[in-house]
Amino acid sequence: GKDGVVANFPDGVETKEEGFDILMKFAPEGRINVLACDQYNSILKMLKAFFENGRKAGKTSEFSRLPSDEDITRVSRIFARTLGKIPNAVLFNYCGFRDPEIKRILADSNTMLIARLEKSDFSKTKDKKGWVAQLEVEPEAIAEQVDGFKTLVKVDPQHKDSWERNLDWLAEVWERCQKLNKPFFNETLYSPIGIPKSEIAFRLPSALIEIAESFACYGHFYKTQMPLLYLEEMPAVKVSSPEEVRKVGRRIEQIAQRPLLL
């Protein structure tokens, strides 16, 4: 097509041939399964517990230190080696996608490598009531090492300062990644600060729709939460019915006009 454009989303956003070819390579049937292994702080927490158990078992020489980024890279390699024909793509933090060995492992299993761009530790606004995303790596610096990019923003529609700053940040990152012609995965997380989890659960249906209306247009794929059926309390508290969850999903699909990751 004109200027290398092979397709347009319903809202007019273009898909260039280079990015389309990447998706065709890893997901020729038009459906992509993504394994997310980018949770830096969660993996670090898991490793700390593993090291502690090692010390309790008397293996003090191996586990006397604190886990490091190198250990997270080793865990990422273990994840990579388990991938076969089912996952089309895997998402890693910088400890994984910068590792040449992981790239070689994924090439053998024909698995797409997606890089998480933002820092795992989000900054806060001056009033400490809103999250603001920041880049861990510049997309231009790693474009040759990866097959796609991914971002996560933690947002709260009722906190206008962080809302607007995250919108501006995401729009800029999306614009930069478009020039690199690789698939871009955009994730939003409803994450108000200082609100009880139970209240967050009941706010989710309306909040997720409001977030999608502003944020879902940035990227080739949109990853979103879904409303909860129950709160994990004793006894369990019902939050939404299955039909309410489906209704929200259908509405987000209409708004986003993008393939959804749920």
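Because the structure is a prediction, the values reported are computed rather than measured.

Undergrad: What am I meant to see in the side chain of threonine 111 here?
TA: Its location among the elements puts threonine 111 in the loop between helix 6 (100-108) and strand 5 (112-116). Of the polar contacts made by the side chain of threonine 111, one reaches the side chain of serine 109; its length is 2.9 Å. With residues up to four places along the chain from it excluded, the contact list for threonine 111 reads Phe26, Leu83, Gly84, Pro87, Asn88, Ala89, Val90, Leu106 and Asp147.

Undergrad: Looking at this structure, I do not really get the packing of helix 9 (residues 197-215) against helix 10 (residues 242-256). What am I missing?
TA: Think of two packed helices as two axes; the pair is described by the angle between the axes and how far apart they sit. Viewed as axis vectors pointing N to C, helix 9 and helix 10 meet at an angle of 10°, and their least axial separation amounts to 9 Å. As judged from the angle between their axes, helix 9 and helix 10 are roughly parallel. Facing Pro205, Leu208, Ile209, Ala212 and Glu213 of helix 9, the residues of helix 10 in contact are Val248, Arg251, Ile252 and Ile255. Looking at the contact of helix 9 with helix 10 residue by residue, the class counts come to 7 nonpolar, no polar and 2 charged.

Undergrad: Looking at this structure, how should I read the side chain of asparagine 166?
TA: The topology assignment puts asparagine 166 in helix 8 (residues 160-179). Reaching out from asparagine 166, the side chain makes a polar contact with the backbone nitrogen of alanine 133 at a distance of 3.0 Å. Filtering out sequence-adjacent residues up to four positions away, asparagine 166 remains in contact with Trp131, Val132, Ala133, Val153, Lys154, Val155 and Phe215.

Undergrad: I tried to follow helix 2 (residues 40-56) on my own but got confused; where do I start?
TA: Side chains three or four residues apart in an α-helix point the same way, a direct result of the helix having 3.6 residues per turn. Helix length check: helix 2, at 17 residues, gives a terminal C-alpha distance of 24 Å against a target of 24 Å (1.5 Å per residue), a fit within 8%. Among the residues of helix 2, Tyr40, Ile43, Leu44, Leu47, Phe51 and Gly54 are the ones counted as buried. What you see down the axis of helix 2 is that its buried residues fit within an arc of 100°, all on one side. Of the exposed residues in helix 2, the ones pointing more than 90 degrees away from its buried face are Lys45 and Lys56. Those residues of helix 2 hidden inside the fold are in contact with strand 3 (34-37), helix 3 (60-63), helix 4 (69-81), helix 5 (94-97) and strand 5. Glycine 58 sits one or two residues past helix 2 and shows a positive phi near 90°.

Undergrad: Looking at this structure, how should I read the sheet that holds strand 13 (residues 260-261)?
TA: Sheets are built from strands that pair by backbone hydrogen bonding, the pairs being arranged parallel or antiparallel. Reading across the sheet, the 7 strands line up as 3-4-5-8-9-10-13 and stay open at both edges, with parallel pairing between neighbours. Two strands bound the open sheet, and with one partner strand each, they are strand 3 and strand 13. Pairing analysis gives 3 bridges linking strand 9 (residues 184-190) to strand 10 (residues 221-223), with the strands arranged parallel. Note on strand 10: the bridge partner recorded for glutamate 187 is lysine 223.

Undergrad: Sorry if this is basic, but what is going on with helix 6 here?
TA: Of all the positions in helix 6, only Ile102, Ile105 and Leu106 are classed as buried. Burial along helix 6 is one-sided: seen end-on, the buried residues are contained in an arc of 95°. In helix 6, the exposed positions angled more than 90 degrees off the buried face are occupied by Arg104, Ala107 and Asp108. Of the surrounding secondary structure, the elements contacted by the buried residues of helix 6 are helix 4, strand 4 (89-92), helix 5 and strand 5. Immediately beyond the C-terminal end of helix 6, within one or two residues, lies asparagine 110, with a positive phi of roughly 55°.

How each quantity is defined
Residues numbered from 1 in each chain as written. Predicted model: local features only at pLDDT ≥ 70, side-chain atom pairs only at ≥ 80, totals over all residues. Heavy atoms only, no water. Helix = DSSP H or I, 4+ residues; strand = E, 2+ residues; numbered from the N terminus. Polar contact = N/O pair within 3.5 Å; in protein donor to acceptor, adjacent residues only side chain to side chain. Contact = heavy atoms within 4.5 Å. Axes fitted to C-alpha atoms, helices over the stretch in contact; angles between N-to-C directions. Parallel < 35°, antiparallel > 145°, perpendicular 65-115°, else oblique. Nonpolar A, V, L, I, M, F, W, Y, C, P; charged D, E, K, R; others polar. Expected span 1.5 Å × (residues − 1). Buried < 20%, exposed > 50% of the residue type's maximum accessible area, 1.4 Å probe, protein only. Arc of directions from axis to C-beta. Pairing = 2+ DSSP bridges.

Bear in mind that shape data such as this cannot, by itself, settle questions of function.
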